[in-house]
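Chain by chain, the residues run as shown.
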Amino acid sequence: MSMIKVSVIIPVYNAENYLPMALESILKQTLTDIEVICVDDGSTDHSLQILEKYQKMDRRITILKQKNSYAGVARNYGMSVAKGKYLAFLDSDDYFVPEMLERAYRNGEEQGADVVIFDGECFSHGTVCPLGGGRGAEWDCLHVCHLPCLSHLGQLGKEHLMVWQGDRHAEPFLIFR
């Protein structure tokens, strides 16, 4: 296997309805030098079985398990074993367009960026959600991530990163390690 360019970290908690779509979006990326680290956060539905099914189909998938400690802790756990040059975070009910990781990686490399920030849209069953849509609204929104733009935030290393779990949905980003 060649060098891992991007480690995609997916915290998973009771996501059986959306998880196959998220995993398919990662496995169909045009950038193939990736690893997919799925952290099962104590799911009580069939999420773990879905992860195991996909792991049998693709050796790039690693499954980690923990008791329910929430997404921030799951992301930190995934970061602790990640081997990629960059880290990418994807929620288990979101997905990436096929060329997203390749474009983000290429832009990060070309610009020497420490952080690549990209845009996303909120979709519900194929329809773009209105602004402000999301959990708690009448829309059951999925976030699709695409269109990299760049942001330089100084030298960041894995040892400086901690993912905060709060009330807000964090914007998607790719972090240089």
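Residues numbered from 1 in each chain as written. Predicted model: local features only at pLDDT ≥ 70, side-chain atom pairs only at ≥ 80, totals over all residues. Heavy atoms only, no water.

A closer look at the packing of helix H1 (residues 19-27) against helix H2 (residues 47-57)
Closest axis-to-axis distance for the H1/H2 pair is 10 Å, and the angle between their directions is 25°. When the axes of H1 and H2 are compared, the pair comes out roughly parallel. Once H1 is placed against H2, the crossing between them reads as right-handed. Side by side, H1 and H2 meet where Leu19, Pro20, Leu23, Glu24 and Leu27 of the first sit next to Ser47, Ile50, Leu51 and Tyr54 of the second. (Axes fitted to C-alpha atoms, helices over the stretch in contact; angles between N-to-C directions. Helix = DSSP H or I, 4+ residues; strand = E, 2+ residues; numbered from the N terminus. Parallel < 35°, antiparallel > 145°, perpendicular 65-115°, else oblique. Left-handed = near helix turned anticlockwise from the far one by under 90°. Contact = heavy atoms within 4.5 Å.)

Some remarks on the packing of aromatic side chains
In this description, an aromatic ring pair is defined by two values, namely the gap between the centres and the angle between the planes. Within the structure shown, the criterion is met by one aromatic pair. Geometrically, the ring pair formed by tyrosine 86 and tyrosine 105 is edge-to-face, given 5.4 Å between the ring centres and 75° between the ring planes. Residue tyrosine 86 is located in strand E4 (residues 86-89), and its partner tyrosine 105 is located in helix H4 (residues 100-111); the two are separated by 19 residues in the primary sequence. Taken individually, tyrosine 86 and tyrosine 105 each receive the classification buried, so the pair is uniform in this respect. (Phe/Tyr/Trp six-rings, centres within 6.5 Å; stacked < 30°, edge-to-face > 60°. Buried < 20%, exposed > 50% of the residue type's maximum accessible area, 1.4 Å probe, protein only.)

None of this, on its own, says anything about what the molecule does.
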